[in-house]
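Residue-level listing of the chains:
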Amino acid sequence: MKTLLLSVLIIAIAMALFCVKLLFRKDGRFSSQHIHDSEAMRERGIHCVIDQDREARQKDGAY
């Protein structure tokens, strides 16, 4: 029983810390983790696999 309560407490603390940005900022939200939303990745010419596949299909007719 102690282990279960300790586990629930640890998970609750982790979730509270995880959501601090959402709770205490006026427009708090998680930033996008997608590659195509990263300016640094776009500058380097790095695309997600879906974009790479689309480009390959349009360019070479790859299937």
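Scroll up to find the structure.
Residues numbered from 1 in each chain as written. Predicted model: local features only at pLDDT ≥ 70, side-chain atom pairs only at ≥ 80, totals over all residues. Heavy atoms only, no water.

**A word on the overall build of the protein chain**
1) Next: Across its full length, the protein chain carries four helices and zero strands.
2) Next: Counted from the first residue to the last, the protein chain has its helices and strands arranged as α-α-α-α.
3) Next: Here the C-alpha atoms of the protein chain give a radius of gyration of 20 Å, more than 25% beyond the 11 Å that 2.2 N^0.38 yields for 63 residues.
4) Next: The dimensions of the protein chain, computed from C-alpha atoms along their principal axes, are 60 × 35 × 15 Å.
5) Next: For the protein chain, the residues scored as buried account for 3% of the 63 residues in total.
6) Next: Accessible surface computed for the protein chain: about 6100 Å², of which carbon and sulfur atoms make up 62%.
7) Next: Both charge centroids of the protein chain, one from 10 positive and one from 8 negative side chains, sit 11 Å from each other. (Helix = DSSP H or I, 4+ residues; strand = E, 2+ residues; numbered from the N terminus. Rg over C-alpha atoms; globule rule 2.2 N^0.38 Å. Buried < 20%, exposed > 50% of the residue type's maximum accessible area, 1.4 Å probe, protein only. Areas by Shrake-Rupley, 256 points an atom, 1.4 Å probe, with all protein chains shown as cover. Lys, Arg positive; Asp, Glu negative; His and termini not counted. Charge placed at Lys NZ, Arg CZ, Asp CG, Glu CD.)

**A look at the side chain of aspartate 51**
1) Next: Counting through the fold element by element, aspartate 51 comes out in helix H4 (residues 49-60).
2) Next: On the basis of relative accessibility, which here comes to 18%, the residue aspartate 51 falls in the buried class.
3) Next: Separated by 2.9 Å, the side chains of aspartate 51 and arginine 54 make a polar contact. (Polar contact = N/O pair within 3.5 Å; in protein donor to acceptor, adjacent residues only side chain to side chain.)

**Structural notes on the environment of methionine 41**
1) Next: Relative to the helices and strands, methionine 41 is located in helix H3 (residues 39-44).
2) Next: Ignoring any residue separated from it by four or fewer positions in sequence, one finds methionine 41 in contact with Ile35 and Ile46. (Contact = heavy atoms within 4.5 Å.)

**Quick word on the pattern of salt bridges**
1) Next: Counted by the stated rule, this structure contains two salt bridges.
2) Next: We note a salt bridge from aspartate 51 to arginine 54, for which the minimum N-O separation is 2.9 Å. Of this pair, aspartate 51 and arginine 54 are both found in helix H4, three residues apart, which corresponds to roughly one turn of the helix.
3) Next: The shortest N-O distance in the salt bridge between arginine 57 and aspartate 53 comes to 2.9 Å. Of this pair, arginine 57 and aspartate 53 both sit in helix H4, four residues apart, which is roughly one turn of the helix.
4) Next: The partly exposed category is assigned to arginine 57, whose relative accessible area is 42%.
5) Next: What makes aspartate 53 partly exposed here is its relative accessible area of 38%. (Salt bridge = Lys/Arg side-chain N within 4 Å of Asp/Glu carboxyl O.)

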